[in-house]
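Summary of structural features
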Amino acid sequence: MNEQAAYLSQTIDAIVAGAGALLPELLLAGFFLLLVTLDLFKSATVKRLLPWLALSGFFAALLVQISGGYSDGEEAFLNLLLSDGLARYAGILFSAAGIFTVLLSLQNRQLERLIAGKGEYYALLLMLVLGLNLMAKSVNLLMVFLAIETVSIASYILTLTLKEEKRAVESGLKYILYGAFSAGVMVYGMSFFYGLTGTLHYTSDTFGLSLLQANTQLVTVAAVLVFAGFFFKISAVPFHFWAPDVYQGAPMPIVALFSTGPKMAGIVVVLRFVTAFTDPLAYHDVQLFLGVAAIATLVIGNFTALWQRTPRRLLAYSSVSHAGFLLTGLLAFGTDYQASVLFYLTVLLFMNFGIFLFLQLAEDAFGVQRLEDFTGLGRAYPYIGVMALLYLLSLTGLPPLAGFMGKLLIFSNVWEAYALTQNNLLLMLLIAGILLTGVALFYYIKIPYYLFFKGNFREENLVISLSDKLLLALFALPLLFLFFKPDLLLTWMEQVLAQTP
C-alpha cells in the first residue's frame, strides 16, 4: 500500500513539474471551456463576443510559443509529450492557422448566417488546434493515437457545421468512415511495435535498438500499418480519397484549416517517427515504401487535378500533391531536411489560406462554383485577380515567390542525399518532383486563364470590403518577402529548433 502511495505521489509531482511545458495547451483548453460555457447564454452580445474570444485564445497561445521560456525542456512529460524546439515551432504554425481560420470565418457569409452552433464552432477550432499541438509534442505511440483522434473528432464535427446542406452531411460521413478505418489500421500497427520493442516511447534508444534486433519483415509490416494513420492526416495516397469530398462540402475556412493544420501536424509526427528508420541497410523496405508512396502521391495528386472542373476539388488534389513533396523532403536522410520541410510548411500556410480566401470571396460575392465561373473576374476586379495569380504561382513553385524557395530547398536536400548515398530512389523522387511541378502549372494556370484571358461577361459592380483586401495582402506579403530573404526565417527557425530537451 505504501509503495502504491509513493508511486502515486511521484506521478503527481511529475505532472505538476511538467505542467509548465503544456502552457499553450492549457491556455487553449481554458478558452475552449470558456467558449462552451458562454455559448449557453442566449444574449446576442455574448454570441458576438465568441469569435473574438477564440481569436484571443489563439493569440495568447501564439505569444507564449513565440516568447518561449515556458518550459525548461529537461525531460518529456511522463514520457508522453516533449516540448522541444520542433514542437514549439510547429505550435507557432498551428496557432497562426487558428488565427487565420477565425479571420476567414468572420468574412464567411454562410457562417455569418449561422445561428445555432456558432459557439460550438469556435470552441471546436480551439479543440482541434489543441490536438495539433499534442500531436507535435507526442513521443509515445499511444499519445500520438489519442492526439490524432482528438483532431479527427473535432474535424468530423466541423465538417458537418452546415448540417442543412446535403453535400456537407455526405462529405462528413465519408470523412468519418475513412478516419475510422485508418485509425483502426494505425493502432493495429502500433500494437505490433509494442510487441516488438516492449515500449511505446518511439523516440527512445530502447525503441530503436529493439527494432534492429526484431524481424525485419514484421517491422516493415508494422511501419506500413502505422503510416496508414499518418497518411490519412496529411492526405497522402492511398488515404487521400476523403479530401475532394470534404473540401467540396465543408465551409471554406475549415477547408483552409484542413489543408494546413492537420497536414503540418502529421508531417511533424512523421518527422519524429522516421528517425527510427534512417539506417538504409536495416530499413530498406520501409524507405522504399515511403519513396513509392511519395511518388504515387505526387503522380495521382497532380494528374487527377488536371481533370477537375471545380476549384475546390482542384485545390483538394493540389493539397494531395503537396503532401507528396513533403514526403519527398522527409526521405533526404543525412541532410538538414528538417529545416527545409518546416520552411515549406510555413510557406504552405500562407499560400493555402490566401488561395482559399480568394475562393471564398469568389463564391460569396460572385457565386463561383466551376472554373468557368471565373470568366472575366480578373479584368473586372484586378486587385483580387492579381492576388490570386500570386498565390497560384507560389503554389506552382515559380519565382519570385516563396513557393519556389520551398521546393528548391527540398530538391536541394534530395540531391545532396542522393550524392551521399547513390540511392536511385532519391534520384527518381527528384526527377518526378521536377517534372510534376511542370504538370502542376497546367492546372494552376486554368484559374488565371479564366480570370484574365476570357471575355468579360460580368455586369456586377460589387465592392470588395477593405478587410478582405487587407487579408489578401496579409497572406501575399510573406510569399514575396520569403523569396528574397528566406535566410531570415531559416536563421530564426534554427534558433527555435536549437531548444533541445
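Parameters at a glance
Position numbers for residues start from 1 in each chain and track the written sequence from start to end. Local features in this predicted model are restricted to residues whose pLDDT is 70 or higher, and side-chain atom pairs enter the listing and the counts only when it is 80 or higher, whereas totals over whole chains, interfaces and linings include all residues. Side-chain numbers here rest on the full set of heavy atoms in the structure, without hydrogens or water. Salt bridges are defined as contacts in which a side-chain nitrogen from Lys or Arg sits within 4 Å of a carboxyl oxygen from Asp or Glu. Numbering of helices and strands runs from the N terminus; a helix is a DSSP stretch of H or I covering at least four residues, while a strand is a stretch of E covering at least two. The classification of residues rests on relative accessible area computed with a 1.4 Å probe and restricted to protein chains. Under 20% of the type maximum is buried, over 50% is exposed, and intermediate values are partly exposed. Under the pairing criterion, centres of Phe, Tyr and Trp rings, with the six-membered ring standing for Trp, must be within 6.5 Å; the plane angle then separates stacked pairs below 30 degrees from edge-to-face pairs above 60, leaving the rest tilted. Only buried residues count toward a nonpolar core, which is a set of Ala, Val, Leu, Ile, Met, Phe, Trp, Tyr and Cys residues joined through side-chain atoms within 4.5 Å. Every residue pair with non-hydrogen atoms within 4.5 Å of one another is taken to be in contact. Note: pLDDT gives the predictor's confidence per residue, expressed from 0 to 100. Patches draw on residues past 30% relative accessible area with no salt bridge. Two like charges within 9 Å are joined, as are two nonpolar side chains (Val, Leu, Ile, Met, Phe, Trp, Tyr) within 5 Å. Note that accessible areas follow from Shrake-Rupley with a 1.4 Å probe, and for residues the cover is restricted to the protein chains shown. Counting of polar contacts relies on pairs of N or O atoms within 3.5 Å, with two restrictions inside protein: one atom must be capable of donating a hydrogen and the other of accepting it, and residues adjacent in sequence are counted only when both atoms are side-chain atoms. Geometry is summarised by axes, namely lines fitted to C-alpha atoms with helices restricted to the contacting stretch, and by angles between N-to-C directions that run from 0 to 180 degrees. Roughly parallel refers to an angle under 35 degrees, roughly antiparallel to one over 145, roughly perpendicular to one between 65 and 115, and oblique to any angle outside these ranges. Two helices that cross are described as forming a left-handed crossing if the nearer one is turned anticlockwise from the farther one by less than a right angle, and a right-handed crossing if clockwise. Any residue outside Ala, Val, Leu, Ile, Met, Phe, Trp, Tyr, Cys, Pro, Asp, Glu, Lys and Arg is labelled polar, Gly included; the first ten of those are nonpolar and the last four are charged.

**Observations concerning the pattern of salt bridges**
Under the criterion given, the structure shown has nine salt bridges. Here Lys137 makes a salt bridge to Glu25, at a shortest N to O gap of 2.9 Å. Pair noted here: Lys137 is in helix H6 (residues 118-137) and Glu25 is in helix H2 (residues 23-38), with a separation of 112 residues, a long-range link. The exposure class of Lys137 is buried, given its relative accessible area of 2%. Between Arg313 and Asp245 there is a salt bridge, with the nearest N and O atoms lying 3.5 Å from each other. Here Arg313 is found in helix H15 (residues 311-330), whereas its partner Asp245 is found in helix H11 (residues 242-249), with 68 residues between them in sequence. Taking the relative accessible area as the measure of exposure, Arg313 reaches 24% and is therefore partly exposed. Residues joined by salt bridges that share partners form a network here, namely Glu170, Lys174, Asp245 and Arg313.

**Remarks on the packing of aromatic side chains**
On inspection of all chains with the given rule, the structure shows 39 aromatic pairs. Considering the side-chain rings of Phe232 and Trp242, the 5.6 Å spacing of their centres and the 55° angle between planes classify their relative orientation as tilted. One end of the pair, Phe232, is in helix H10 (residues 216-234); the other, Trp242, is in helix H11, and 10 residues separate them in sequence. The same class applies to Phe232 as to Trp242, namely buried. Members of the aromatic cluster, connected to one another through ring pairs, are Phe193, Tyr202, Phe207, Phe227, Phe230, Phe231, Phe273, Phe277, Tyr283 and Phe289.

**Let's talk about the nonpolar core**
In this structure, Phe193, Phe227, Phe230, Phe277 and Phe374 are the most contacted members of the largest nonpolar core, which totals 184 residues. Each residue touching Phe230, except ones within four places of it in the same chain, is listed here: Val144, Ile148, Met186, Val269, Val270 and Phe273.

**Quick word on the confidence of the model for the protein chain**
Summarising the model, the protein chain shows a mean pLDDT of 88, and 92% of its residues fall at 70 or more. Mean pLDDT across the elements of the protein chain ranges from a minimum in helix H1 (residues 2-18), with 65, to a maximum in helix H12 (residues 252-258), with 94.

**Overview of H11**
A large share of H11 lies buried, amounting to eight of its eight residues. Among the residues of H11, those classed as buried are Trp242, Ala243, Pro244, Asp245, Val246, Tyr247, Gln248 and Gly249. Packed against the buried residues of H11 are helix H7 (141-159), helix H8 (166-197), H10, H12, H15 and helix H16 (337-366).

**Topic: a nonpolar patch on the surface**
Nonpolar side chains collect at one region of the surface, where Val169, Leu173 and Ile176 lie side by side and expose about 210 Å² of accessible area between them. Tracing the backbone through its elements, the reader meets Ile176 in helix H8.

**Section: unusual backbone geometry**
The peptide bond linking Val237 to Pro238 adopts the cis configuration, its omega dihedral lying at 5°. Structurally, the position occupied by Pro238 is in the loop between H10 and H11. Between Pro399 and the following residue, Pro400, the backbone shows a cis peptide bond with an omega angle of 0°. In this structure, Pro400 sits in the loop between helix H18 (382-396) and helix H19 (402-421). If you check the backbone angles, Ser235 has positive phi at about 55° while not being a glycine. Along the chain, the position of Ser235 falls in the loop between H10 and H11. When its relative accessible area of 2% is taken as the criterion, Ser235 is described as buried. Positioned with a positive phi, Gln422 is a non-glycine residue whose angle comes to about 55°.

**A short note on the side chain of Thr197**
Locating Thr197 in the fold gives a position in helix H8. You can call Thr197 buried: its relative accessible area is 10%. Among the polar contacts listed, one links the side chain of Thr197 to the backbone oxygen of Phe193, at a separation of 2.7 Å. Looking at Thr197, its side chain comes within polar contact range of the main-chain oxygen of Thr199, at 2.9 Å. Beyond its immediate chain neighbours, meaning those up to four positions away, Thr197 contacts Phe207, Ser210 and Leu211.

**Examining the environment of Val64**
Along the chain, Val64 turns up in helix H3 (residues 44-67). Taking the relative accessible area as the measure of exposure, Val64 reaches 16% and is therefore buried. Measuring from C-alpha to C-alpha, the distance between Val64 and Arg88 comes to 9.6 Å, with 24 residues separating the pair along the chain.

**Considerations on the side chain of Thr335**
Structurally, Thr335 is set in the loop between H15 and H16. Here Thr335 falls in the buried class, since its relative accessible area comes to 13%. In terms of polar contacts, Thr335 uses its side chain to reach the backbone carbonyl oxygen of Ala332, at 2.7 Å. The residues touching Thr335, leaving out its near neighbours within four places in the chain, are Asn413, Glu416 and Ala417.

**Brief notes about the packing of H16 against helix H22 (residues 466-484)**
Taken N-terminus to C-terminus, the directions of H16 and H22 make an angle of 150°; their axes are 9 Å apart at the nearest point. Our classification of the angle between H16 and H22 gives roughly antiparallel. In the packing of H16 onto H22, the handedness of the crossing is left-handed. Packed against H16, whose contacting residues are Phe343, Val347, Phe350, Met351, Phe353, Gly354, Leu357, Phe358 and Leu361, the element H22 presents Asp468, Leu471, Leu472, Leu474, Phe475, Pro478, Leu479 and Leu482 at the interface. Looking at side-chain class alone, the contact of H16 with H22 contains 15 nonpolar, one polar and one charged residues.

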